[in-house]
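Commentary on secondary and tertiary structure
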Amino acid sequence: MKIVLIGAGNLATNLGKALQGAGHDIVQVWSRTEESAQALAAVLKCSCTTEAEEVVRSADVFVIAVKDSALSSLAASLKDGREGQLFVHTAGSMPLEILPFERRGVLYPMQTFSKNKEVDFSVIPCFVEASGKADEAMLISLSKTISDTVYVLDSENRKYLHLSAVFCCNFANHCFAMGERLLKEHGNLPFSVMLPLIEETASKLYSMSPQKAQTGPAVRWDKNVIDKHLQLLADEPGMQKIYELMSKSIHEVN
Ligand SMILES: NC(=O)c1ccc[n+]([C@@H]2O[C@H](COP(=O)([O-])OP(=O)(O)OC[C@H]3O[C@@H](n4cnc5c(N)ncnc54)[C@H](OP(=O)(O)O)[C@@H]3O)[C@@H](O)[C@H]2O)c1
């Protein structure tokens, strides 16, 4: 398929490489700055632009992967002269309707992407939605060329999928960052000491539910240990609050 990438950030870089690797033709990259546009165009060996008017007029699909707060206005700037084209966005929390096009869709690959970190796209679940059945079928088959797991999911349910991803990825990672700080400040230990524990925590989830896999003082409700930990966090009111809320929440659901 002929594909135009609108955006040259973390997602566009990884998706562009995966699509090209699957044999699709990335015809052009647009980005707000020359620097980003040229960097991704060099990787994909295609043309690039920073001007909305210079974006090609037709392709099988235009993939918009920009900062969510810029999505609506940028999409509107691409409308003129591209009526009848299929535009899709890649955001978990943005509705299909945010795109001001007759043919519109969503291709949300659920993973944490960074520009310079290679990913195996085949294991990344992709969630698609489209305004018409033919475009939905087209997005399913496009997604299946890069991923083994493709779901059709509407905007309403995708909001909750994204919310769940924030808990499972962003909040979990924030916990890792707090752990990293405690290790550094008390004993100057490298974060790598935690990696086997983190790996086993994630690996257990392939065979049991997170709720069943829970261990630690909160699930056992060892009040003496919990109180000791809260004391250790006396100078860290933010972390103390999170510890207390998390412990109560673990205790309540188990
Ligand atoms: N990263 C992830 O893990 C991930 C995962 C799933 C879905 N997504 C979705 O993918 C989309 C892109 O996210 P990302 O992480 O790839 O973002 P990003 O790395 O920050 O890239 C953002 C892109 O948007 C452009 N941009 C930034 N501000 C802009 C503005 N005010 N007006 C127009 N363009 C602007 C940037 O241009 P310049 O670089 O030229 O400034 C760049 O091309 C979002 O919808 C996000 O929800 C991301």
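Residues numbered from 1 in each chain as written. Predicted model: local features only at pLDDT ≥ 70, side-chain atom pairs only at ≥ 80, totals over all residues.

Observations regarding the site of the ligand
- In the vicinity of the ligand, 22 residues are found, and the nearest of them are G9, S36, V66, A70 and A91.
- The dominant element in the shell around the ligand, judged by the number of residues it contributes, is helix α1 (residues 10–21), at 3 residues.
- Residues of the shell around the ligand, tallied by class, amount to 10 nonpolar, 9 polar and 3 charged. (Near = placed C-beta within 6 Å. Helix = DSSP H or I, 4+ residues; strand = E, 2+ residues; numbered from the N terminus. Nonpolar A, V, L, I, M, F, W, Y, C, P; charged D, E, K, R; others polar.)

Quick notes on the pairing of strand β6 (residues 103–109)
- With respect to burial, β6 is a largely interior element, 6 of its 7 residues being buried.
- Bridge analysis of strand β5 (residues 86–89) against β6 gives 4 bridges, and the strand direction is parallel. For L86, the partnering residue across the bridge sits in β6 and is R103.
- Across 5 bridges, the pairing between β6 and strand β7 (residues 126–130) is antiparallel. Across the sheet, the residue bridging to V106 is E129, located in β7. (Buried ≥ 20, exposed ≤ 12 C-beta atoms within 10 Å, placed from the backbone. Pairing = 2+ DSSP bridges.)

A closer look at the nonpolar core
- Grouped together as the largest cluster of nonpolar side chains are 46 residues, with contacts concentrated most on L5, I6, V29, F62, V63, I64 and A65.
- Once you skip the residues sitting within four places of it in the chain, V63 turns out to touch I3, L5, I6, L15, V88, T90 and L107. (Core = buried A, V, L, I, M, F, W, Y, C linked by C-beta atoms within 7 Å. Contact = placed C-beta atoms within 7 Å.)

Describing helix α4 (residues 133–144)
- Between the first and last C-alpha of α4 there are 16 Å, a value that for 12 residues agrees with the 16 Å anticipated at 1.5 Å per step.
- In this structure, the buried residues of α4 make contact with β4 (61–64), β5, β6, β7 and β8 (150–152). (Expected span 1.5 Å × (residues − 1).)

Remarks on the packing of α1 against helix α2 (residues 34–44)
- Viewed as axis vectors pointing N to C, α1 and α2 meet at an angle of 20°, and their least axial separation amounts to 10 Å. It follows from the interaxial angle that α1 and α2 lie roughly parallel. Read as a crossing pair, α1 and α2 show a hand that is right-handed. Here α1 contributes A12, T13, G16, K17 and Q20 to the contact with α2, which in turn contributes L40, V43 and L44.
- Classifying every residue of the contact of α1 with α2 by side-chain character gives 4 nonpolar, 3 polar and 1 charged. (Axes fitted to C-alpha atoms, helices over the stretch in contact; angles between N-to-C directions. Parallel < 35°, antiparallel > 145°, perpendicular 65-115°, else oblique. Left-handed = near helix turned anticlockwise from the far one by under 90°.)

A closer look at the sheet that holds β5
- Taken in spatial order, the 8 strands line up as β3-β2-β1-β4-β5-β6-β7-β8 in an open sheet, and their pairing is mixed. Each edge of the open sheet is held by one strand with a lone partner, namely β3 (47–49) and β8. When strand polarity is set aside, the average angle formed by the axes of neighbouring strands in this sheet is 25°.
- Strand direction decides the pairing type here: strand β1 (residues 2–6) and β4, joined by 4 bridges, are parallel. Counted as the bridge partner of L5 is V63 from β4.
- Its contacts with the sheet place α4 against β4, β5, β6, β7 and β8, and it is angled at close to 160° to β7.

Let's talk about the domain arrangement of the protein chain
- Assigned domains within the protein chain: domain 1 (2–153) and domain 2 (158–253).
- The gap between the C-alpha centroids of domain 1 and domain 2 is 35 Å.
- Across the boundary between the two partners, domain 1 contributes 7 residues, which contact 6 residues of domain 2.
- Broken down by class, the residue content of the side of domain 1 that touches domain 2 amounts to 4 nonpolar, 3 polar and no charged. (Domains from an automatic or database assignment.)

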